[in-house]
Amino acid sequence: MAMTAHLTWMQEKKLQNVLGGKQFTLLYKASVHGFSSSNLFERCCNQGPILIVIYGDHVIGAYIQENCWREKLASILLFAFQETEISLCKLGSCTPVNLFADQSRSKFLHSEFHIDPLKKQVVINLKIVKQLKLCEYYNISFQECDVFRCEDLLDRRKIKGVTELRESLLSAIRTYKPYRDLVHQIRILLLGPVGAGKSSFFNSVKSVFQGHVTHQALVGSDTTGITKQYRTYSIKDGKDGKPLPFMLCDSMRLDEKERMYMDDILCILKGHISDRYQFNSMKPITPGHGNYIDFPLLKDRIHCVAIVLDANSVEQLSGEMVAEIKRIRRGMIKCGVAHVVLLTHVDSMDLIMRGDLVDLYRCVPVKLKLEAVHRKLGFALSDILVVSNYTSEWSLDPIKDVLILSALRQMLWAADDFLEDLPLEEIGEQKLKRKKKTQDKDK
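The structure presented is a predicted model; accordingly, all values stated were derived computationally and were not measured. Along each chain, residue indices are assigned from 1 in the same order as the chain's sequence is written. Residues qualify for local features only when their pLDDT is at least 70, as the model is predicted, and side-chain atom pairs are given and counted only at 80 or more; totals for whole chains, interfaces and linings, by contrast, use all residues. Side-chain metrics rest on all non-hydrogen atoms present in the structure, leaving aside hydrogens and water.

Engineer: With reference to specific residues and values, describe the packing of aromatic side chains.
Structural biologist: Working definition: a ring pair exists when centres of Phe, Tyr or Trp rings (six-membered ring for Trp) sit within 6.5 Å. Plane angles under 30 degrees give stacked, over 60 give edge-to-face, the rest tilted. Scanning the model with the defined rule gives 7 aromatic pairs in all. On the numbers, 6.1 Å between centres and 75° between planes, the contact of Phe 79 with Phe 81 is edge-to-face. Given a relative accessible area of 2%, Phe 79 falls into the buried group. Given the relative accessible area of 5%, Phe 81 is considered buried. On the basis of an interplanar angle of 55° and a centroid distance of 6.1 Å, the ring pair of Phe 209 and Phe 246 is categorised as tilted. With Phe 209 in helix H6 (residues 198–210) and Phe 246 in strand S11 (residues 243–250), this pair connects stretches of sequence that are 37 residues apart. Assessed through its relative accessible area of 3%, Phe 209 is described here as buried. Looking at Phe 246, the relative accessible area reads 0%, which means it is buried. In this analysis the charged atom, NZ for Lys or CZ for Arg, is taken to sit over a ring once it is within 6 Å of the ring centre and within 35 degrees of the ring normal. In this structure, Lys 120 is placed above the aromatic ring of Phe 35, and the distance from its NZ or CZ to the ring centre is 4.3 Å. Here's how the labels work: a residue is buried when its accessible area is under 20% of the maximum for its type, exposed when over 50%, partly exposed in between, all with a 1.4 Å probe on protein chains only. Segments assigned H or I by DSSP are reported as helices when at least four residues long, segments assigned E as strands when at least two residues long, and all are numbered from the N terminus.

Structure below.
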């Protein structure tokens, strides 16, 4: 018979946080296996640490922190939920069997807390009641009891799988070639509000390929941000390695008060602006400017744009910022440029733990963020990517690396779609221009 736990998703995440990143496997359910302590121990002994959850007017329970044996001392942590909040109380060490009422062992029962499966009651003394912030009930009736095996969210098997996926992604990106070799390097433009994590994403990508955390691009910590220039960054594979088949381009922040000129954005997309162009909020770039490229090649153009947003601020985006992003998106669509959304800072979202980063897109809070972006900005859910940048860490984390590399790979695939969609006559024209430039260099 299939068993389903009564724990809500929120309660499960609260318990995972409290217990230091555990996953729960249902071993025993009283309504299925019988309201009996002997049945419970038959199924749950020697299964590792276990979590007992009791459902009645209150959701309360006990966490047995060591491998559970009937008559072996173990540390017990009690808990109780008050809606979405959780209260804790250390019971100390006792034998698990003494937590359950049994006529043959009534004199051995724990005096402060014990469970009577037959009567479907939990008996708690006043001291524990107060610590768990319960209404002053000594006997609490319940209708169901679940017992879970507790294991680390990140065990050796999962870490091994993540490490193997990381190596596979690194290899795929190192050997990647743009569609039909139309360009040598894909250009990815990063756009976003101050503090969204544009520069941090570049630093994170570089860190993965350098093998250590690096901070080449300055990261803003004030309300004005850092980026005022248009920058193009080519990343090498390792310290003395070859340039990788992509470039990341950083630009002035998006700001509803100090808006980037649409002409500047279109010039970037079409390849008219060269590296280190200093943005001027008073006027856009025009032909004749020292940083203006009159006849850009396909390699100079932007092949994919990533709108970078802080996942924690999606719901707080102002109407003006939403309008600004939509305005820029219309320009990208007009130019035919592929574009995605990149959500950063997901590791600082409520109830997200390191173990959740392994399968992040299935996490309820992340799903809600994706849906919020879809509603506000109109991007397809499949075009919304999620990463956790390196911001304060000193060493690399394979789990973060997988998120960063996966997002980068999606951008390269999006860029391939852009290149494949180019008109045949434009492709032919670009090839002739490139051939002529090569011949001019050879002369």
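The structure having been displayed, the exposition proceeds.
Engineer: Give a description of the pattern of salt bridges that names residues and reports values.
Structural biologist: Salt bridges are defined as contacts in which a side-chain nitrogen from Lys or Arg sits within 4 Å of a carboxyl oxygen from Asp or Glu. Under the defined criterion, the tally for this structure stands at 21 salt bridges. Between Arg 231 and Asp 275 there is a salt bridge, with the nearest N and O atoms lying 3.0 Å from each other. Placement of the pair is Arg 231 in strand S10 (residues 229–236) and Asp 275 in the loop between helix H7 (262–270) and strand S12 (277–278), with a sequence separation of 44 residues. The residue Asp 359 makes a salt bridge to Arg 362 at a minimum N-O spacing of 3.5 Å. The partly exposed category is assigned to Asp 359, whose relative accessible area is 39%. By sharing partners, the salt bridges in this structure join Lys 29, Glu 144 and Asp 146 into a single network.

Engineer: Provide a residue-level description of the environment of Pro 117, including the pertinent values.
Structural biologist: Within the secondary structure, Pro 117 is located in the loop between strand S6 (113–116) and strand S7 (121–124). Pro 117 sits in the buried class, given a relative accessible area of 7%. Linking Pro 117 and Leu 134, residues 17 residues apart in sequence, is a C-alpha distance of 20 Å. In this analysis, two residues are considered to be in contact whenever any of their non-hydrogen atoms come within 4.5 Å of each other. Dropping the residues within four chain positions of it, Pro 117 is found in contact with Phe 35, Ser 36, Ser 37, Phe 100, Ala 101 and Phe 142.

Engineer: Outline the nonpolar core, listing residues and values.
Structural biologist: In terms of nonpolar packing, the biggest core is built from 95 residues, with Phe 209, Phe 246 and Leu 343 touching the most fellow members. Here this core takes 13 residues from helix H10 (residues 398–420), the largest share from any one element. In contact with Phe 246, not counting residues within four places along its chain, are Ile 173, Gln 185, Ile 186, Val 205, Phe 209, Ile 235, Leu 408 and Leu 412. Take the buried Ala, Val, Leu, Ile, Met, Phe, Trp, Tyr and Cys residues and link them wherever side-chain atoms come within 4.5 Å; each set so joined is a nonpolar core. With 37 residues, the next largest nonpolar core counts Cys 68, Ile 76, Cys 94 and Cys 145 among its residues.

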